[in-house]
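So you can see what is in the structure, the chains are spelled out below.
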Amino acid sequence: ESGGRRLSIDLAVDSVEEVTPDTAAMVPASGGVRLSVYEAEAARLEPRCGDRLEMPLRMKLPVRYRDPGAFQYADYLLQQGIAAQASVGGAQMAVVGVGEKTWPCRLRAAQAWASGRLNGFARSAANRRVPRVLRLTETDALMLDAMLFGDRAGLTHGLRVGFERTGTFHLFVVSGLHLALLAGALFWLLRRLRAPMWLATLLTLAASAAYAALTGFGQPAQRALVMTSVYLLARLLSRDRDSLNALGAAVLALLVWSPKSLFEASFQMTVLVIVAIAGIAVPLTHRSFLRYGKWTREVFREGRAPRGEPREAQFVLMLELWGEAFATLLGGWAKKLPAMAVGVLFWALELAMVGVVVELVMVLPMATYFHRAAIFGLPANMVALPVVGLLAGSAVATFACALVSPWLAVIPSVVTAGLLHGVTWVIGRISHLAAADVRVPGPAWWVAALALVGWAGCCWAVRRSNWGAVAAAVALPALAVLVLWPEPMVRTPGTLEISAIDVGQGDSVLAVNPDGGAMLIDAGGPIGHHGAGVYGSGEVVASFDVGEEVVAPYLWSRRARRLDVVVLTHAHTDHMGGMPAVLADLRPRELWVGIDPHSPLYNQLLDQAHRLGITVRHVHAGDQMPWGPVRISVLSPAVGYRNPGAPKNDDSVVLRMDYGRASALLEGDAEKPSEATMLADGWVHPVTLLKVGHHGSRTSSTEEFLAAAAPQAAVVSVGLNNTFGHPRREVIDRLAARGTKLARTDEFGLATYLLTPDGKVAEGVREGGLGAPD
C-alpha cells in the first residue's frame, strides 16, 4: 500500500538474529513484519510481492492497551500473519533478488492488476468526456475496487463513515453478499440458457471459487463459498434445500476447518443474518398476509384449475375481475396490470419484513462489536440493497468492457456512476442526521444470552402456528429494546474512583463520583501535531484513533452512555488527539478548558463542541464547582496566565477533587513554573492520590511540590519503552523516599483507585486479570 511518500510492505521472515551481551545467533522465527518505508518515492522503490529485500531495521512488537474493551491492533496484525513492526528510510532499502512467486503473491498481483485496470479507466480520456454527474471519478474507482476485488487500501475514513453510521458498509466491500449475488445471477443465467443442472452447478461453483480467490479469500468469502456450495449440491442431489440445513452444514464445515471462527464477529454476524432471514423472516411472511403474494402469479396461468383455500381463490378471482375492468378501460394490454401492481406491492412488503427482522436481530452484534444503534439501518439498507444488486452487475460490465477498450466501457460506466452517486448521496444525507450516529455500550452477557434464546424460540414458534408467528412478531422488537436498554454505569458505590487509562505515551483519566457521575480528563492521542503519530512503544500507526479504539471502548465496557464533563488540560495531541472521537461518541454536557493557545486542532475541537451542543467552560485557579458529593477546585492556570503562542505544558489545567477526607490531585503536564506558581499562591495541600505531572518527566514533580502535596499514592501515565525515558529515575526516587506507592500504566495497564470519605485509598479490581498497582 502506498500513500504520498510512505510505503507499507509486509515481509515474510524465517529467522532473526538474537543478540545477547555474549552471543549473537540466527534463530528460526514465524510471523511476518509490517514495514513502514519513508521517502519511498525519493528512492524510486517499486518492490513487488516475492522480491528479496536487504536493509537494516529494528523490529518492535505492536503496543497493547491493557484496558477492558480496547481494540488490540496487535491482534488485528496477528490475524494477518504479522507479528512485528518496523520502519526504515527508502534510501536504506534495496531489492537484491526475486524469490519464488507463491500463490498469495499471484493472487495479490491479480487483485492489483484488476484494480489498476479500473483505476486506469477512471483516468482515461474516454471517461473524462462524460458529464461530471455520470463520470466515474478516481474516488469512485477506489470504492469499486473494494466492492469488486476486496482492495480496501483506498477506503479512507471519509468514504467509510457514512456507510458505517447507517449499517450499510458491508454492501460496499467484498462480502458474502457479493459472492452470493454473483453465484445466483450466474446460475440463473445458465439455467435460462438451458444448461444441464449438473453443468450449471459446476460452472457456478468454479466461478464462485475463482472470484473468492481473486478477492483475497477472506473469511466472509470462505463462508459464502461453503454456503453456496452446500446449497447448490443439495439442489443437484434433490435433497432438502432448507436454508437452515445449509447453514448448519456450512457452520459445521467452517468450524471443523477453523474452530477459532466461532469467536469472530464476522462469523457470528453471518450466522445471525441467515437465522434472521431463513429461520424467522421467511416463515413469518408465509404465516402473514404476505402469503397472498404467491397467488398473484395464478392470474398469469392459462387454463389453470382453481387452487388454494376459498379465501385465496377469492383473492385471485378479484384480481381477474379488476383486470377485466382495466382491459375494458385501457385495452387488452392492461388486463394483468392489477395483478402485476399487487405482486410488486407484496414483493416490497416482503423485502421490508425481511429487512425489519434482520435489523432487529443485528441490534446485538452492532451494539456488542461496533457500539452502534443503526437507527436508520432499515431505510438505508432498503434503499441500498436493490441498488447494490444492480450496481454490482453494471460495475462488472464496466470492468469487462474496459479490458477491451475504454470507449466500449463508457456506456456501462454511465450506469455504474449514476447508481453509485445516487446511493452515496442518499446514504450521505441519512448519515448526517443526528440520530443516525447513536453510540451505545454493548449489553451485559446475560442480556446477549437471553436474546439468543429468544431468537431460537422465534425460529421454533413461527413454524408451529399462526399464534406462534404473532408471539415471534411481538418478541423480536422486545428483544431489540432489551439489548439497547440503558444500564447503570459500572461503579463501586460510596467511593470516588480515579482510573488512569492505558493510552500509551499520553494521558487519560476517568473520575466517577459516588452518585455515578463520570468525568474524563484528557483522552490520549499521538505524540506530535499530525493525524498519524508515534505511540507508546515508538511505532507509527496511521489513522489509529486512540479515542475511538481505546478510550471510548473502555467507557462503554463500564456501560457509560454519556459523560458529565470532559476536561482538556492543554492542547498537546497526546492529551487532545482522542478527544474528537470521545466528544462525538459520548456527548458530554460540558467541556472544560483553560487558556486558548494558537492551535488549529484546538480550534477545531471547540468548533466540534459547539456543533454538538456541548457547553464550553474556561476554568482558572480559584474556581470551585460541586460535582455530586465531590468538591472540585481548579489550581492552575492562574487567572492572569496567557499564552498567545503554540500550546505548552504549563497551559495545563490542574484539578483537585475532595471527597470527605480523601482527595486527588490531577496535574496534567504542569511543569516547574506552574508548580511554583501553585505553591506561591497556596493552592497545594496534602492529598491522598497524585496523578504525576508530565508522565514523570524531570521537568515536573519538584521536591517542594511533592513535599506540599505529600501523596499517599501516585500514578503515572506513560508508554511502554517510550523514547523519552519517562518516568525519570529521580522522580521515582523522590516519591519512594516519601513512602508514596507508585503505579505505572506501562507496567500495570489500567490503574484504578477507590477513595473513601474516611481518607483511605484502595486499588480497584480491574477486568482482564491485571495485577494491582504496588
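Just so you know, these numbers come straight off a predicted model, no measurement behind them. (Residues numbered from 1 in each chain as written. Predicted model: local features only at pLDDT ≥ 70, side-chain atom pairs only at ≥ 80, totals over all residues. Heavy atoms only, no water.)

### Looking at the overall build of the protein
Okay, so step 1: The number of helices and strands found in the protein is 24 helices and 27 strands.
Okay, so step 2: Taken across its 774 residues, the protein has 48% of its residues classed as buried.
Okay, so step 3: For the protein, the proportion of contacts with a sequence separation of at least 24, taken over those separated by at least 6, is 69%.
Okay, so step 4: Counting every atom, the protein has about 36800 Å² of accessible surface; 61% of that belongs to carbon and sulfur. (Helix = DSSP H or I, 4+ residues; strand = E, 2+ residues; numbered from the N terminus. Buried < 20%, exposed > 50% of the residue type's maximum accessible area, 1.4 Å probe, protein only. Contact = heavy atoms within 4.5 Å. Areas by Shrake-Rupley, 256 points an atom, 1.4 Å probe, with all protein chains shown as cover.)

### A closer look at the pattern of salt bridges
Okay, so step 1: The final tally for this structure, using the stated rule, is 15 salt bridges.
Okay, so step 2: When the shortest N-O distance is used, the salt bridge between Glu-548 and Arg-439 registers 2.9 Å. Taken together, the positions of Glu-548 in helix 17 (residues 546-557) and Arg-439 in strand 10 (residues 438-439) put the pair 109 residues apart, joining distant regions of the chain.
Okay, so step 3: By relative accessible area, which is 8% here, Arg-439 ends up buried.
Okay, so step 4: Across the pair Arg-631 and Asp-658 runs a salt bridge, and its minimum N-O distance is 3.6 Å. Here the residue Arg-631 occupies a position in strand 20 (residues 630-636), and Asp-658 occupies one in strand 21 (residues 654-659), the gap between them amounting to 27 residues.
Okay, so step 5: By relative accessible area, which is 42% here, Arg-631 ends up partly exposed.
Okay, so step 6: Through salt bridges with shared partners, a single network forms among Arg-439, Glu-548 and Asp-585. (Salt bridge = Lys/Arg side-chain N within 4 Å of Asp/Glu carboxyl O.)

### With respect to the packing of helix 15 (residues 445-464) against helix 16 (residues 466-484)
Okay, so step 1: Here helix 15 crosses helix 16 at 165°, and the two axes come no closer than 9 Å. Taken together, the axes of helix 15 and helix 16 lie roughly antiparallel to each other. Crossing angle aside, the handedness with which helix 15 passes helix 16 is left-handed. Between helix 15 and helix 16, the residues in contact are Val-447, Leu-450, Ala-451, Gly-454, Trp-455, Cys-458, Ala-461 and Val-462 and Gly-468, Ala-469, Ala-472, Ala-475, Leu-476, Leu-479, Leu-482 and Val-483, respectively. (Axes fitted to C-alpha atoms, helices over the stretch in contact; angles between N-to-C directions. Parallel < 35°, antiparallel > 145°, perpendicular 65-115°, else oblique. Left-handed = near helix turned anticlockwise from the far one by under 90°.)

### Some words on the pairing of strand 20
The side chains of a regular strand alternate between the sheet's two faces.
Okay, so step 1: Buried residues dominate strand 20, accounting for six of its seven residues.
Okay, so step 2: Pairing analysis gives four bridges linking strand 19 (residues 624-627) to strand 20, with the strands arranged antiparallel. By the bridge assignment, Gln-624 is partnered in strand 20 with Ser-633.
Okay, so step 3: A loop of two residues connects strand 19 with strand 20, the two strands running antiparallel in sequence, and Gly-628 in this loop sits at a positive phi of about 65°.
Okay, so step 4: Where strand 20 lies against strand 21, five bridges are found, and the strand directions are antiparallel. Within strand 21, the position partnered with Arg-631 by the bridge is Asp-658. (Pairing = 2+ DSSP bridges.)

### What about the nonpolar core?
Okay, so step 1: If you look at the biggest cluster of nonpolar residues, it comprises 40 residues, and the most contacted ones within it are Leu-510 and Leu-520.
Okay, so step 2: At the level of secondary structure, the elements contributing two or more residues to this core comprise helix 1 (73-79), strand 12 (509-512), strand 13 (518-521), helix 17, helix 19 (579-586), strand 17 (590-593) and helix 20 (600-611).
Okay, so step 3: When residues of this core are assigned to their parent elements, the largest contribution, seven residues, is made by helix 17.
Okay, so step 4: Judged by nonpolar contacts, the second largest core, of 32 residues, contains Met-269, Val-275, Leu-364 and Ala-472. (Core = buried A, V, L, I, M, F, W, Y, C linked by side-chain atoms within 4.5 Å.)

### A look at the sheet that holds strand 26 (residues 751-755)
Okay, so step 1: In spatial order, the strands read 18-17-16-13-12-11-26-27; together these eight strands make up an open sheet with mixed pairing. On the outer flanks of this sheet lie strand 18 (615-618) and strand 27 (761-763), each paired with one strand and no other. Each strand of the sheet is rotated relative to its neighbour by a mean of 20°, with strand direction disregarded.
Okay, so step 2: Relative to strand 13, strand 12 runs antiparallel, the two sharing four bridges. Paired with Leu-510 across the bridge in strand 13 is Leu-520.
Okay, so step 3: Packed onto the sheet, helix 19 meets strand 13, strand 16 (565-567) and strand 17 and runs at close to 175° relative to strand 16.

### Observations regarding helix 15
Okay, so step 1: Taking 1.5 Å of rise per residue, 20 residues should cover 28 Å, and helix 15 covers 29 Å from first to last C-alpha, within 8% of that figure.
Okay, so step 2: Within helix 15, burial applies to Val-447, Ala-448, Ala-451, Trp-455, Cys-458, Cys-459, Ala-461 and Val-462.
Okay, so step 3: Structurally, helix 15 contributes buried residues whose contacts are with helix 10 (265-287), helix 12 (337-369) and helix 16. (Expected span 1.5 Å × (residues − 1).)

### Examining the environment of Thr-139
Okay, so step 1: On the secondary structure map, Thr-139 appears in helix 4 (residues 138-149).
Okay, so step 2: Residue Thr-139 is classed as partly exposed on the basis of its relative accessible area, which comes to 38%.

### Observations concerning helix 4
Okay, so step 1: In a regular helix each residue adds 1.5 Å, so twelve residues correspond to 16 Å; helix 4 covers 16 Å between its end C-alpha atoms and thus fits that length.
Okay, so step 2: Counting buried positions along helix 4 gives nine out of twelve residues, so the element sits mostly inside the fold.
Okay, so step 3: Of all the positions in helix 4, only Asp-140, Ala-141, Met-143, Leu-144, Asp-145, Ala-146, Met-147, Leu-148 and Phe-149 are classed as buried.
Okay, so step 4: One or two residues past the end of helix 4 sits Gly-150, with phi positive at roughly 75°.

### Considerations on a nonpolar patch on the surface
Okay, so step 1: Together, Trp-198, Leu-202, Leu-233, Leu-236 and Leu-237 give the surface a local cluster of nonpolar side chains, amounting to about 500 Å² of exposed area.
Okay, so step 2: Mapped by element, the contributors of at least two residues to the nonpolar patch are helix 7 (197-214) and helix 8 (219-236). (Patch = residues over 30% accessible without salt bridge, like charges linked within 9 Å, V, L, I, M, F, W, Y side chains within 5 Å.)

### Brief notes about unusual backbone geometry
Okay, so step 1: With an omega of 5°, the peptide bond between Ser-636 and Pro-637 qualifies as cis.
Okay, so step 2: Among the secondary structure elements, Pro-637 is positioned in the loop between strand 20 and strand 21.
Okay, so step 3: A positive phi angle, close to 50°, is found at His-371, a residue other than glycine.
Okay, so step 4: By the secondary structure assignment, His-371 is in the loop between helix 12 and strand 9 (372-373).
Okay, so step 5: Overall, His-371 belongs to the buried group, its relative accessible area being 13%.

### Points about the sheet that holds strand 24 (residues 713-716)
Okay, so step 1: As summarised here, the arrangement of the seven strands in space is 19-20-21-22-23-24-25, forming an open sheet in which the pairing is mixed. At either end of the open sheet lies a strand with only one pairing partner, and these are strand 19 and strand 25 (741-744). Ignoring strand direction, the axes of neighbouring strands in this sheet form an average angle of 20°.

### A few points about the layout of surface pockets
Okay, so step 1: Each pocket or cavity is described by its volume, and for the second largest pocket that value is around 470 Å³.
Okay, so step 2: Forming the boundary of the second largest pocket are 17 residues, of which Leu-148, Leu-182, Tyr-211, Ala-392 and Val-396 lie nearest the centre.
Okay, so step 3: For the lining of the second largest pocket, the secondary-structure elements that each account for two or more residues are helix 4, helix 6 (176-192), helix 7 and helix 13 (377-404).
Okay, so step 4: Broken down by element, the lining of the second largest pocket gets its largest block of residues, six residues, from helix 6.
Okay, so step 5: When the residues that make up the lining of the second largest pocket are grouped by side-chain class, the tally is 14 nonpolar, three polar and no charged. (1 Å grid on protein atoms, 1.4 Å probe; cavity = no way out; pocket = protein on both sides within 12 Å on 5 of 7 lines; lining within 4 Å. Points joined across faces, edges and corners; volume = space filled by probe spheres on them. Nonpolar A, V, L, I, M, F, W, Y, C, P; charged D, E, K, R; others polar.)

### With respect to the confidence of the model for the protein
Okay, so step 1: Residue-level pLDDT values for the protein average 83, and 86% of them are 70 or greater.
Okay, so step 2: Ignoring residues within four places in sequence, the model shows residues 765-774, a span with pLDDT below 50, making 25 contacts including any to other chains. (pLDDT = per-residue confidence, 0-100.)

### Considerations on the pairing of strand 18
Okay, so step 1: Pairing geometry for strand 17 and strand 18, over four bridges, is parallel. Residue pairing across strands places Leu-591 opposite Val-616, the latter belonging to strand 18.
Okay, so step 2: Handedness of the β-α-β unit built from strand 17, helix 20 and strand 18 comes out right-handed. (Right-handed = clockwise from strand over helix to strand, strands pointing away.)

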